[in-house]
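# A structural walkthrough
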Amino acid sequence: MIRLFIGHSDAMDTPQNADERSIVVWDGSPQLKNPLLLVAFEGWFDAGECATGALDWIRRRSEARRVCHIDPEEFYDFQESRPHIEIAPDGERLVRWPAVECHVAPAAPPHDLVLLSGIEPRMRWRTFCDGVVEIASELGCQMVVTLGAMVAGVAHSRAASVKGSAASTDLAKRLGLDRPTYQGPTGIIGTLHDVLDRAALPVVSLRVGVPHYVAGPPNPKGTRALLSHVETVTGVPTGYQDLDSSVDAWEQRVNEAVERDPEIVAYIRQLEAEADRSESENLPSGDDLAQEFQKFLAEQRQAGEPDGAGGD
């Protein structure tokens, strides 16, 4: 007998009419305190698996529980993202399908975290993004923070550079973030930002630069940098300091690999010099950003309360 699984679920949902089913399959709708939605997808915008690695780190270290998943049937080419067959402890064969899963990590105060991650969908991106909006709205998320990582001309021996941006002019100005200036082909994150903006859900992007000469996973330095900035912005502890030993070991392995090639060594020295000359900060100071972020969210909560309602 073969049993069908989606991610960690016990069985794949098989409604009679696919057109009538919601793409979001709910396990429950918990009561959360000032929740924030963190989003990361495997694929084009996840160099070194830094972004999905950051959400996995939070999920493993917290009492996270799954609250829903997005049905994969409409969004993946299964010849490209193939399901896996596994053997269960009882000897039965399991078919585990690609999945985008949503977990809740209670972290309040000041915010519970909602973690949405999985493989970047291949098809029907607008419909998929509508599903993300449903998740954010159903769980009452006050803001969406997307995490990403892209290859860049940066040195592995320097601090990982994290940049923040918001497509909304008002939000970018309020938080002191950049507005995106990129034009060209985009991925699911760019599409999601557009849909969230149109749905009037505040959304910001945090992305880390990964050295292009060592872009393969895992990259604990990039993951640590994203976790550090998530903690700075949200005030929610992420335990990023516990990655220090993994970062040191990773840097040592890269040093040993590159020192055999004088040309690469010279190139890295050039990147280091450029980083040392740069005096611009990628994000506002941590205290300023965190204070303005919390002030913005408090105003959002007050605006959504009925007249006479109290605060937190």
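It should be noted that the structure appears before, not after, this text.
Below: a short report on this structure. Only a predicted model underlies this, so the values are computations on that prediction, with no experimental measurement involved.

### Overview of a nonpolar patch on the surface
A cluster of nonpolar side chains, contributed by Trp 44, Met 150 and Tyr 182, occupies part of the molecular surface with about 360 Å² of accessible area. Within the element layout of this structure, Trp 44 appears in the loop between strand E3 (36-42) and helix H1 (50-61). The class of Trp 44 is partly exposed, set by a relative accessible area of 49%.

### So, the pattern of salt bridges
Where charged atoms of side chains with opposite charge meet at close range, the side chains can pair. Following the criterion strictly, the structure yields 15 salt bridges and no others. Its salt-bridge partner being Arg 66, residue Asp 27 comes within 2.8 Å of it at the nearest N-O pair. Placement of Asp 27 in the loop between strand E2 (24-26) and E3 and of Arg 66 in strand E4 (residues 65-70) is noted, with a sequence separation of 39 residues between them. Linking Asp 244 and Arg 224 is a salt bridge whose minimum nitrogen-to-oxygen distance equals 2.5 Å. Placement of the pair is Asp 244 in helix H6 (residues 244-258) and Arg 224 in helix H5 (residues 220-234), with a sequence separation of 20 residues. Residues participating in the shared-partner salt-bridge network are Arg 158, Arg 269, Glu 272 and Asp 276.

### Observations concerning the sheet that holds E4
In spatial order, the strands read E2-E4-E7-E8-E3-E9-E11-E10; together these 8 strands make up an open sheet with mixed pairing. Of all the strands in the sheet, just E2 and strand E10 (162-165) have a single pairing partner and so form its edges. Averaged over neighbouring strand pairs, the angle between their axes works out to 25° when direction is ignored. As defined by bridge partners, E3 adjoins strand E8 (residues 113-119) across 7 bridges and the pair is classed as parallel. By the bridge assignment for E8, Phe 41 is matched with Gly 118. Relative to the sheet, helix H2 (residues 125-138) contacts E2, E3, E4, strand E7 (100-105), E8 and strand E9 (143-152), its axis offset from that of E2 by approximately 30°. Running over the sheet, H5 touches E3, E9, E10 and strand E11 (203-211) and is turned about 155° from E11.

What counts, and where the lines are drawn
Residues numbered from 1 in each chain as written. Predicted model: local features only at pLDDT ≥ 70, side-chain atom pairs only at ≥ 80, totals over all residues. Heavy atoms only, no water. Patch = residues over 30% accessible without salt bridge, like charges linked within 9 Å, V, L, I, M, F, W, Y side chains within 5 Å. Areas by Shrake-Rupley, 256 points an atom, 1.4 Å probe, with all protein chains shown as cover. Salt bridge = Lys/Arg side-chain N within 4 Å of Asp/Glu carboxyl O. Helix = DSSP H or I, 4+ residues; strand = E, 2+ residues; numbered from the N terminus. Buried < 20%, exposed > 50% of the residue type's maximum accessible area, 1.4 Å probe, protein only. Pairing = 2+ DSSP bridges. Axes fitted to C-alpha atoms, helices over the stretch in contact; angles between N-to-C directions. Contact = heavy atoms within 4.5 Å.

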